[in-house]
Each structure stands twice: as structure tokens, then as C-alpha cells.
Amino acid sequence: MADENQGELTARLTPILDRYEGRRGVLVSLLQDVQAEFGFLEEKVMSTVAEALKLPLSHLYGVTSFYSQFYFKPRGKHIVRVCTGTACHIRGAPAIQARLEDELGICAGETTEDLVFTLETVNCVGCCALAPVVTVNDRVLNRREQRKLSGWIREQRAP
Amino acid sequence: MSKQITLNIDEQTVTVPEGTTILEAAGMAEIEIPRLCYFEGLPPSGTCRLCLVEIEGQERLAVSCTQRVKEGMVVHTRTERVSEARRFVLELIWSTHPGDCTTCEKSGACDLQRYTYEYDVDKARYPMYVPEGSPGTHDDPLIERNLSLCILCGRCIRVCREQGQGILDFMQRGMATVVTTSLDKPLLESGCDFCGSCIAVCPVGCLVERNRKLRGREWELEPKETRCGLCSLGCDLVIDVAHGRIVRTRPGKDGYLCVRGKFGWDFLVSEDRLSQPLVRDGDAFRECSWDEALNTVAQHLAKIREARGPDTVGGVIGGHVSNEAIYLFGKLFRAGVGTNNVDSAAGLAGANVAAQVLDAFGNLRPLSSAADLERAKTILSVGPELGESYPRARLAIKRAVGKGAKLIVVDPSESELARLATIHLKPKAGTEVVVLEGVIRTLIDEGLHDTEFLSSCEGSSEGTMSVGSYDASLTGIADAEVQEAAKLFAKGRAVIALSDLREETVARALALLMLTGRSKHGLLALFPMANPWGAAMLIRGDAIPETAGLSAQQMLDKDSPIAALYVVTADPVGSFGGKDGVKEKLSSLEFLVVQDLFLTKTAQLADVVLPLNGFLEEEGTVFGAGGKLLTMTAAAPARHPPLWQVFSKLSERLDHAMGYRSIREIRTKVKELISEGKEGPTYRFPSLTDKGDTRAKGLPPFSRFSLPETSWSARSQISTLTPAQEATLDSNPANTEEVAK
Ligand code: SF4
Ligand code: SF4
Ligand code: FES
Ligand code: FES
């Protein structure tokens, strides 16, 4: 990604930009598509989009940093989320978070260096009955799966 | 005229044009509605809610900075309900504001402080809330950002978009919202060009000038209006002085200062400035009184004149000083010494624009100001990174383009203006002249030239004005592109903005104006000095001696007859060092006097060094970019006798009393001289034969002009500059304020 030259980058952006050409009020959707294409919003990509749209780069960052769905750093293949909502907090979320941080060697909000895992916290997933809740790639893990989580993490990491 | 609307505000009948907002309408009736996010001249955002007012028949309070007036509207701006609402807004802001008013630089001029006082806001009503990981002070040069003081009014964001680089926005959301750059990077890495516009609009102490710190409180400041003297545009500027020291500068009526006007005057308060006259004592200097210094200078000049004749004495003066000083300097040599060897230093840098303009047009009417540039319909910009070097010109061009002007940029680099251009002609470096000739060629070939105007110009017969056919292989720009540019240039009110001041380039720019019959306000030549035109207009005024004088360049030639030289605010050694044996010539002089702010490289060779007042410290007139006479007031306290007195005293000691008792008397004389030169225009088509070897010759040192090194009292602050930034901020060889190491 970092080595990708401007030409390739433009080639990947052009179809997206064309899709939204001349339409207004579509900035967020456009950037969602850009993120889908590149995985995250790298600075180089953002400045190319800003230039193409003739908007200040700061404006693009202003819009995207408003939403939690946009990422400015590469993300892992698997997204592990620990719910820290009230119900989950009471039922032991902090301990789960601490254990996962330990096992993955990163803090919540970070991605492992091998780009396999991203660990995040969320505020209430909406299934408090199952608290404490952990999700992997947007799927809520049941009790059994939760117990197997550590083993699964090790598996994913093995080359 | 637009439709008028009549409404009632606080029992007053007010009539305003349709489209006016309630807040503005109230302002016209001198009713001030409190505001935090609104700032006159910026688009309103309606976010702070402090400007709430009550409108009869409308249940909810109205946001007066965005709501427009309606016929018959009845508005109340000071009811109890309104006050309660405003107090609530203020309490919320106050609950996240550190409130360290005792040490805050903005104290006394802070809008939040003022309103919390006026609305008697109780600090304790909401517990102080400092969000986790609150943003603190950012480590930027020149501009201090104390983000914990930010009240999120967004003024800085809007002003930066309008006249800065558009690098700020609200980032994050909710309690975490901050106003900062993309990815919260330092300003230096975000494309900030340090115009300080954001400081000027910030209502609180969040954004402040680093260099003003601890120099004085807001209520101690004495504002004075004058003009910036750091480039030929001469922007309006307000300086605030406290305890006899400059605290800061602010934009004047124009509402904008570039980094130079905003921060670049700092060299004036530098510790390294000369404080006393110096006389040579063997290898070193010794401080002396003004009397002793002037006596020494006069004695030596008289002695050399006696022994070798008056034409071995000469004077060179920079474009940083007033018309009055330039005129008296000329007079000191012509009448006092008896020689015509007196010249402006501008020519030393390879720029003779003023002389060329006068030669072609006979007066300064073809000159354009920044305001003319803003009104132009067609703009031709010539010079590398003109916008980066002259941000005020860039702003004018941006505004003109915003209003639909067509922009042709001749610049070998991908500069900011190039990105705005309708046509960007990107020649190989040094071949700008060839491009301009291509444009001239097209104008003639396509019959786009103004034959009527040309017939009134001397030397405009086809033979002399024609240029060879355009050679695309030299420049790398296709014929078609040049032709398109020429057709564009031929139309509308045009201004040529020039920072490439090589003689050949200027000649072609002048030819373009003449070819298209544009004799007024068509040329904005940009110099890094206040008064380049004054030097050309006045230095040779009312010549007395018979023999023609030498030019600055000739005087500095190693074989010139000059034995004694007086150099005022110019640093030929620092600027052109080893070139052409300038240093050898200056070292071999029998007597050298240098008058400057600092002990420059040239001053180090001198026998007598005289200190000088800076541009904010001495009054006088200058010719503005548009050729008009502008007044500079002495805004900061003078440190030394003014130049006119120094020159008068020297002349007196050379047995020629000038008899001026005040600078006003000199001004009257200067005005006379200028109006004498104003008889009917005589046009002379510039010669296009001399191309020089443009590629080898390079640009005059101030084509890409930057700040004098000494303007950064805290040099270490900017040691983290990127190379590009260094290039803009670094010492400028053509500026004389450079301190010798
Ligand atoms: S100094 Fe000028 S360019 Fe920099 S952030 Fe402030 S307004 Fe923007
Ligand atoms: S920094 Fe100042 S001007 Fe900018 S949003 Fe904050 S308070 Fe307003
Ligand atoms: S608190 Fe965790 S799912 Fe609601
Ligand atoms: S001044 Fe009107 S909302 Fe801020």
C-alpha cells in the first residue's frame, strides 16, 4: 500500500469518483466506497480525493473523523470487539478486555503488526442479555465460542 | 438598488436592504448583539447561539446572525428570556474553559471574558468538565495553539478557508470535538503559511502570536495605523506598542497580512540591531556619538572630493526607505558633494523595472495595486512560485478567480497558483521570456493587437516590435497552448503579476501591455521592498552636475573611479558576495560609510557604520504598488535620528545647507517633483532584441523572496522546517537586514 504509486492509486479511485460525479451531498457515501476499496483512509488517498473534489483536505478529515466508521490506519483481517456498555461492564467486560489486550499484545483501538487482528471496544451491542458480549467480525460469540477464543486467536496467528 | 426592509429592533425603526441578517441590521442601528461565532466578513455559521433574540409572534428564540430580516418584524434583543438563554450558553462554554485569565494573553480583549462578566456567569453552576485526553498546547512555530481554551466557534476554520490555506476544521465529535488540522498534525506539516488570520479572529486566547508573549497586556497596547514595508504591496497594518516596544501587528482595513507583515517585522526588536554609530579603529569598531560619526564622514568625503574630484564619490540607497529620504540622499550627492553618482540599489539585484516602466510609459500609471488585481478579468502571472513568495498577491488572484477571472500562469513549478490556473504554461526553467515572446507573436499574427494605441508609441513599427517565430523546443510548451493563452490574454481587464523581474522579462511584459493598449493598472511588479518606485523616480530628480552619473552597478565595478562610497540599506557583499569582485571593490575603497539596521557583511568593511530606523519607526511617503503616494507613519518609537536629518546634517557639513526644517517640507518638494513628471504620456515600445542568455543568467535574487533571517528571534523554533518551508522563510540575499555571522 505504502509503495503504491500515484498512478495506480488514481486508477483505483477514478471509478468511485466517476460514480459520484456531479452529485451533491454524497461525500460520506463516496468516502465509504473509498474505504471499502482501500480498507482504510490512508493520507495519500485522502489528499488525492480532496484534490479531485477540489475540497480542502481538512474538510474531508472533519467529515470522516466525525463518524466512527472511518479508519485512518490499516485494520486487521479480523475485528474483535469487546462491549463495554453498562450491562457488559458489570458482568466482567473490563477483565475480558484486559485479557484480550494481553493475548493480542495491543491496546483497544489498535491493530496487531501482522495486520491479523484489530481490537476495539463498543458501547452496547444491543444484546445485553448475553452480557458480557464479544464480537468477531460483527458476529456475537456465544459462551462456547468465547471460551475457545484464545485458541482460535493462536490458530489465526500460526503461519 | 436592492429592496429595502423596515423592521423594529428594541423599539427602534430600522430600514435595511433585503437579505440583511437581524444581527447586521441591529448593528446598523448601533444595537450590539453579543456574538461568538459570528465575525464580520466571514460567512455566518450560527453555531454558538449567543446571538439569540426574541421575535414577536415567533415562539422559539431566533439565531440573529443567520436569520434574515422580514418586513414588519419586531425584534427584542435584551429581554429577560434572551438573557437567560445567553447565560445558559455562556455557562456551558465556561464549564469547559480553564479560565486562567490572569496569565492568558487575551485577557482584556477576550470576548468570553467580556460576556461572562456582562452576563454575570457563575463559574460554579456546572462543575468544571475537562474531557479526558483534552488537547493541550501545540508545538508550532510563530502561532501558539492552546486548544484547551478553544470554544469551538469555528471562526478560524472559516477565515483559513477564505484567506489562509484551508487547513483547519472541526475534528471528532461530541465532547471530543477539537478544531485542528488533518490528523492533528503540526501546522508546519499541514500547509499552513502562517498568515495569522486565524489569530486575528479568535475571540479567546486559544490562538496567539508566540512572539507577543509577555510583551504587554491587551489594555496596555497603543494601536497605530501604518503600512507594511516588507514588500512593494504595502498592505494596511496596525501595530500595537506597549512600553515603547512593538508587541504585535494586526491586519488593517484590508483584513489580511501575510506571514511577513504578521511576523516578519521581528527583526526590528532584535538584540543584534546596531544601537550606536561605529567608527573603524584598526581591525575593530568603536562606538561613537552621532556628531563624531557625521564629522568623520563629512571630513573624509570632503577630503577625497578635494584630492580626486567629486566624481570619485558615490552613493547607493536601497528601496526600503521613504521618498523623502531618497530625494534628500540624491540631493546630498548632487548639491552637497557635486556628483551625479547616486543610484538606487534595486538595479544591483538585476531589476530595473522602475526605470523600464518609466522609459516605456513615462509615468507610473501602468502600475496595478492588489485591489486592481482582485478586480481583473484576466491575469497573467509570471515568476516561479509567485503566490508562495507574495501571499497577498495570491489571495487577490484567488479572489479574482473566484469571481470568474481567467488565470494564465507561467511557472516552471507546480505552484499553488498553477493549480488555480485556466492555463498553466510550464516552461523549462529560464525560458519564460521565450513563452512571452510566443504570446506576443500570436497577438500580432492573429491581429489581436491594438494598432491605434501602438501608433502612439515610439519604436513600435513592425520591424522593431516583431519577435522571431516561437520555438516550442526551447520551452517544451506546444504552440497551440501558447496561442490559446494569447487569445485569453487579449480579452478583458488584464493585470500582469510579475515576480520574475529580469530586464528581458519585464520588457516583454511591458510590450504585452502596449500591444493590447493597456496603459493603466496593468502591471503588478512584486519586490521585497517598500519603495522600489521611489528610488527610480526621485534619485535622479533635478540633477545639477553636468556629467552623467554612474549606476550602482558601475560604481561597484572593480575598475570604477569611485574612491568613497555611502551605502544606505543595501548589502551588496551579503547579496552578491564574490560575484564580479564587489567585495574587492568595497574593500579597496579609501572610505566606505554604511548605514543599516545590522552589521551586514558590507557594513563590516566600512570605515563608519551608521545605525538606521526600521520601516515602522520612521515616517515618510512611498509609492504603493499601484503607483500612488502612500503615507507611512512612524508607528514604533524611533531609535535614531531620521534619515532626512542625517542627510541634511551631512550636507551642511559639506557646506551646502539644504534648509529643510521638517519632513513635511521635503514632502511638498517631492510632490512637486512628481507632478512635474506628469505631463502628457509619451510611450516608447520596449526593445525586445536583448534576450540575454536567459537560461544562464538566472533570476534576480528576489524572484523568490523570503524573510530576512533575523526576523526570527527564536530561530531555534523553526529548526524543524521542511526544506520547502525553509526556502520561504530563510534569509533573503536581497534583503539588507541580514545579520552577518
Ligand atoms: S496561519 Fe493562516 S494558513 Fe495557517 S492556520 Fe492560521 S489562517 Fe490558516
Ligand atoms: S481556536 Fe479560537 S477561533 Fe478557532 S474555534 Fe477555537 S475559539 Fe474559535
Ligand atoms: S451493554 Fe454490552 S450489549 Fe448492551
Ligand atoms: S453569533 Fe450567532 S450563533 Fe454564534
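The numbers attached to residues start from 1 for each chain and follow its sequence in the written order. Ligands are numbered from 1 and chains lettered from A, in the order in which they are written. Residue-level local features of this predicted model are given only where pLDDT is at least 70; pairs of side-chain atoms are given and counted only at 80 or more, and the full residue set underlies all totals for whole chains, interfaces and linings. The side-chain quantities take in all heavy atoms of the structure and omit both hydrogens and water.

As for unusual backbone geometry
Condition: Under the scheme used here, helices are H or I runs from DSSP no shorter than 4 residues and strands are E runs no shorter than 2 residues, and both carry numbers assigned from the N terminus.
A131 of chain A connects to P132 of chain A through a cis peptide bond whose omega is -5°. Looking at the secondary structure, you find P132 of chain A in the loop between β2 (117–122) and β3 (134–136). The residue D138 of chain A is not glycine, and still its phi comes out positive at about 70°. Here the phi dihedral of L214 of chain B falls at roughly 65°; this positive angle occurs in a residue that is not glycine. Mapped onto the elements, L214 of chain B comes out in the loop between β10 (207–209) and β11 (222–227).

Thoughts on the domain arrangement of chain B
Where we set the bar: An automatic or database domain assignment provides the domain bounds reported here.
For chain B, the assigned domains read domain 1 (4–78), domain 2 (278–351 + 537–676) and domain 3 (354–530 + 690–735). Between the C-alpha centres of domain 1 of chain B and domain 2 of chain B the distance comes to 58 Å.

Some details on the interface of chain B and chain A
Worth spelling out the cut-off: Contact between two residues is taken to exist if any of their heavy atoms lie within 4.5 Å; hydrogens are not considered. Take the accessible area each of two parts loses on contact, using a 1.4 Å probe, and add the two losses: that sum is the buried area. Criterion for a salt bridge: a side-chain nitrogen of Lys or Arg within 4 Å of a carboxyl oxygen of Asp or Glu. Think of a polar contact as two N or O atoms within 3.5 Å of one another; within protein, one of them needs to be a possible hydrogen donor and the other a possible acceptor, and neighboring residues in sequence only count if both atoms come from side chains. Only Asp, Glu, Lys and Arg are considered charged, only Ala, Val, Leu, Ile, Met, Phe, Trp, Tyr, Cys and Pro nonpolar, and every remaining residue, Gly among them, polar.
Counting residues at the interface gives 12 residues for chain B and 11 residues for chain A. A per-residue breakdown of the area chain B buries against chain A is headed by R173, S182 and L183 of chain B, which together make up 43% of the total. On the surface where chain B and chain A come into contact, there are one salt bridge. Ionic pairing is found between K185 of chain B and E43 of chain A, a salt bridge with its closest N-O pair at 2.4 Å. Applying the counting criterion to the chain B and chain A interface returns six residue pairs in polar contact (both at pLDDT 80 or more). Top contributing element to the side of chain B that touches chain A by residue count: strand β8 (residues 169–171) of chain B, with three residues. For the side of chain B that touches chain A, the per-class residue count stands at five nonpolar, three polar and four charged.

A few points about the sheet that holds strand β6 (residues 137–138) of chain B
Backbone-to-backbone hydrogen bonds pair the strands of a sheet. The strands run either parallel or antiparallel. Residue and element names in this part refer to chain B. Defined as follows: At least two bridges found by DSSP between two strands are what make those strands a pair.
Spatially, β6-β7-β10 is the arrangement adopted by the three strands of the open sheet, whose pairing is antiparallel. In this open sheet, the two edge strands, each paired with only one partner strand, are β6 and β10. Strand direction decides the pairing type here: strand β7 (residues 143–146) and β10, joined by three bridges, are antiparallel. In the strand pairing of β10, E144 is matched with V208.

Details of the side chain of E144 of chain B
Residues and elements named next belong to chain B. Quick reminder of the rule: Note on classification: 1.4 Å probe, protein chains only; a residue is buried when its accessible area is under 20% of the maximum for its type, exposed when over 50%, partly exposed between these limits.
Looking at the element boundaries, E144 is found in strand β7. Since its relative accessible area comes to 7%, E144 is described here as buried. Of note is the side chain of E144, whose polar atom sits 3.2 Å from the side chain of N146. For E144, the side chain forms a polar contact with the side chain of K213, separated by 3.2 Å.

A word on the packing of aromatic side chains
The geometry of an aromatic ring pair comes down to the distance between the two centres and the angle between the two planes. Stated formally: Stacked, tilted and edge-to-face are the three classes assigned to paired rings of Phe, Tyr and Trp, where Trp is represented by its six-membered ring and a pair needs centres within 6.5 Å; plane angles under 30 degrees give stacked, over 60 edge-to-face, the rest tilted. The rule for a charge over a ring is simple: NZ of Lys or CZ of Arg within 6 Å of the ring centre, and within 35 degrees of the ring normal.
Summed over all chains, the structure comprises 13 aromatic pairs over all chains. Relative to F70 of chain A, the ring of Y67 of chain A has its centre 6.2 Å away and its plane inclined at 70°; by these criteria the two rings are edge-to-face. Overall, the relative accessible area of 4% leaves F70 of chain A in the buried class. When the centroid spacing of 5.8 Å and the interplanar angle of 80° are considered together, the rings of F361 of chain B and Y683 of chain B count as edge-to-face. Of the two residues, F361 of chain B sits in helix α9 (residues 353–361) while Y683 of chain B sits in strand β29 (residues 683–684), which places them 322 residues apart along the sequence. Taken as a pair, F361 of chain B and Y683 of chain B share a single burial class, namely buried. Through a chain of ring-to-ring contacts, the aromatic side chains of F329, F333, Y566 and F647 of chain B assemble into a single cluster. Over the ring of Y390 of chain B we find R260 of chain B; its NZ or CZ atom is 5.6 Å from the centre of that ring.

Let's talk about the sheet that holds strand β1 (residues 4–9) of chain B
Residue and element names in this part refer to chain B. The sheet built from five strands is open, its strands ordered β2-β1-β5-β3-β4 with mixed pairing. Because the sheet does not close on itself, it has two edges, and the strands there are β2 (12–17) and β4 (62–63). Pairing of β1 with β2, which is carried by six bridges, proceeds in the antiparallel orientation. Across the sheet, residue L7 finds its bridge partner in β2, namely V14.

A closer look at the packing of helix α8 (residues 323–337) of chain B against helix α25 (residues 643–653) of chain B
Residue and element names in this part refer to chain B. The cut-off we apply is this: Between the N-to-C directions of two axes lies an angle of 0 to 180 degrees, each axis being a line fitted to C-alpha atoms and, for a helix, fitted only over the stretch in contact. Oblique is the label for any angle not covered by the other classes, which are roughly parallel (under 35 degrees), roughly antiparallel (over 145) and roughly perpendicular (65 to 115).
Axis separation between α8 and α25 bottoms out at 9 Å; the angle between their running directions is 10°. With respect to each other, α8 and α25 are oriented roughly parallel. Residue-level contacts link A325, L328, F329, L332 and G336 of α8 to L643, W644, F647, S648, L650 and S651 of α25. The residue inventory of the contact of α8 with α25, partitioned by class, reads eight nonpolar, three polar and no charged.

As for the environment of D479 of chain B
Within the element layout of this structure, D479 of chain B appears in helix α18 (residues 479–490). On a C-alpha basis, the gap between D479 of chain B and V435 of chain B in space is 9.6 Å, while along the polypeptide they are 44 residues apart.

Section: the site of ligand 1
Just so we agree on the cut-off: The criterion for a residue being near a molecule or strand is simple. One of its heavy atoms has to lie within 4 Å of it.
What surrounds ligand 1 is a group of 13 residues, the closest being C160, C192, C195, G196 and C198 of chain B. Of the residues belonging to the shell around ligand 1, the class tally is eight nonpolar, four polar and one charged.

Regarding a positive patch on the surface
Note the threshold: Patch rule: a residue counts if its relative accessible area is over 30% and it has no salt bridge; like charges are joined within 9 Å, and nonpolar side chains (Val, Leu, Ile, Met, Phe, Trp, Tyr) within 5 Å. Calculation of accessible area relied on Shrake-Rupley with a 1.4 Å probe; when residues are assessed, cover is drawn exclusively from the protein chains displayed. Only four residue types enter the tally: Lys and Arg on the positive side, Asp and Glu on the negative side, with His and both chain ends excluded. Throughout, a charge is located at the NZ atom of Lys, the CZ atom of Arg, the CG atom of Asp or the CD atom of Glu.
Where like charges cluster on the molecular surface, the positive patch consists of R91, R143, R144, R147 and K148 of chain A. Take K148 of chain A: it is sitting in helix α7 (residues 143–157).

Regarding the nonpolar core
Residue and element names in this part refer to chain B. Basically, it comes down to this: Put simply, a nonpolar core is a bunch of buried Ala, Val, Leu, Ile, Met, Phe, Trp, Tyr and Cys residues held in one set by side-chain atoms that sit within 4.5 Å of each other.
With 141 residues, the main nonpolar core has W533, Y566 and F647 as its most contacted residues. Ranked by residues supplied to this core, first place goes to helix α19 (residues 503–515) with nine residues. Of the domains in this structure, domain 2 (278–351 + 537–676) and domain 3 (354–530 + 690–735) are the two that each give at least three residues to this core. Within the second largest apolar cluster, 41 residues are counted, among which are C156, V179, L187 and L207.

As for the environment of R667 of chain B
All names here are of chain B. Within the fold, R667 resides in helix α26 (residues 663–676). For R667, a relative accessible area of 13% gives the class buried. Discounting chain neighbours no more than four positions away, the residues touching R667 are E324, E619, G620, T621 and T631.

Concerning the pattern of salt bridges
Residues and elements named next belong to chain B. Scanning the model with the defined rule gives 50 salt bridges over all chains in all. Note that K213 and E144 form a salt bridge whose closest N and O atoms lie 3.2 Å from each other. In this pair, K213 sits in the loop between β10 and β11 while E144 sits in strand β7, placing the two residues 69 residues apart along the sequence. The partner of D240 in a salt bridge is R250, and the shortest N-O contact between them spans 2.8 Å. Of this pair, D240 sits in strand β12 (residues 236–242) while R250 sits in strand β13 (residues 245–251), placing them 10 residues apart in sequence. Classification of R250 by relative accessible area gives partly exposed; the value is 30%. Because the salt bridges share partners, they merge into one network encompassing E105, R212, E218, D240, R248 and R250.

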